[in-house]
Amino acid sequence: MFKSGTTVLALRYKDGVIVAGDRRMTDYHYHYDDYVKVEDVDNLTLLACAGTVAALQLLTQTLVSVREQLEEKIRKPIFVDGQAELLKNILIGNFFRNGMAMYLLNYIAVPILGGFDPKTNKGRVFGY
């Protein structure tokens, strides 16, 4: 039986957010203890995922790419609340397109987005 477990978390405090994750990655019978599960989206936002490594990498690349393209069009930075909305739309679009197949293949990532919001001067955490 294939068993895997992984942990990420985000905590909001008075001046911002702390995002952390363990470094264990499981590939069926092999275990690696040096994988990074917390990725920079920009200098104020972090994305962490518990789940399949390839899904985290693809999700991070997609979010960063979409954010950069949109910021270029609107000529304004998109802060953590806007990035949370982008991530929600990416996840919904992918779930309806091929969610059941990904679930059956155990290709799942459960993201947490955290960052500092300069508009409210507070840390924000979004779970999905």
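Draft legend 1. Up close: the nonpolar core. Val41, Leu47, Leu59, Leu63, Leu87, Leu113 and Phe126 are the most contacted members of the largest nonpolar core, which totals 16 residues. Among the elements that line this core, the one with the most residues is helix α2 (residues 80-104), at five residues. Residues Val8, Ala10, Ala50 and Ile112 belong to the second largest nonpolar core, which totals seven residues.

Draft legend 2. Just a nonpolar patch on the surface, in detail. A cluster of nonpolar residues, Leu9, Leu11, Tyr13 and Ile18, forms a patch on the protein surface that exposes about 380 Å² of accessible area. At three residues, strand β1 (residues 8-13) tops the list of elements feeding residues into the nonpolar patch. Locating tyrosine 13 in the fold gives a position in strand β1. Relative accessible area serves as the criterion here: at 42%, tyrosine 13 is assigned to the partly exposed category.

Draft legend 3. Highlighting the pattern of salt bridges. Evaluated as defined, the whole model comprises six salt bridges. Salt-bridge contacts for lysine 88 lead to glutamate 85; the nearest nitrogen and oxygen are separated by 2.9 Å. Of the two residues, lysine 88 and glutamate 85 both sit in helix α2, three residues apart, roughly one turn of that helix. Accessibility expressed as a relative area gives 33% for lysine 88, which makes it partly exposed. In the salt-bridge network here, residues are joined through shared partners; they are Arg67, Glu68 and Glu71.

Draft legend 4. The side chain of threonine 45, seen in detail. Structurally, the position occupied by threonine 45 is in strand β6 (residues 45-51). Residue classification places threonine 45 among the buried positions, given a relative accessible area of 1%. Non-local contacts of threonine 45, meaning those with residues more than four positions away in its chain, are made with Glu39, Asp40, Val80, Gln83, Leu113, Gly114 and Gly115.

Scoring rules and cut-offs
Residues numbered from 1 in each chain as written. Predicted model: local features only at pLDDT ≥ 70, side-chain atom pairs only at ≥ 80, totals over all residues. Heavy atoms only, no water. Core = buried A, V, L, I, M, F, W, Y, C linked by side-chain atoms within 4.5 Å. Buried < 20%, exposed > 50% of the residue type's maximum accessible area, 1.4 Å probe, protein only. Helix = DSSP H or I, 4+ residues; strand = E, 2+ residues; numbered from the N terminus. Patch = residues over 30% accessible without salt bridge, like charges linked within 9 Å, V, L, I, M, F, W, Y side chains within 5 Å. Areas by Shrake-Rupley, 256 points an atom, 1.4 Å probe, with all protein chains shown as cover. Salt bridge = Lys/Arg side-chain N within 4 Å of Asp/Glu carboxyl O. Contact = heavy atoms within 4.5 Å.

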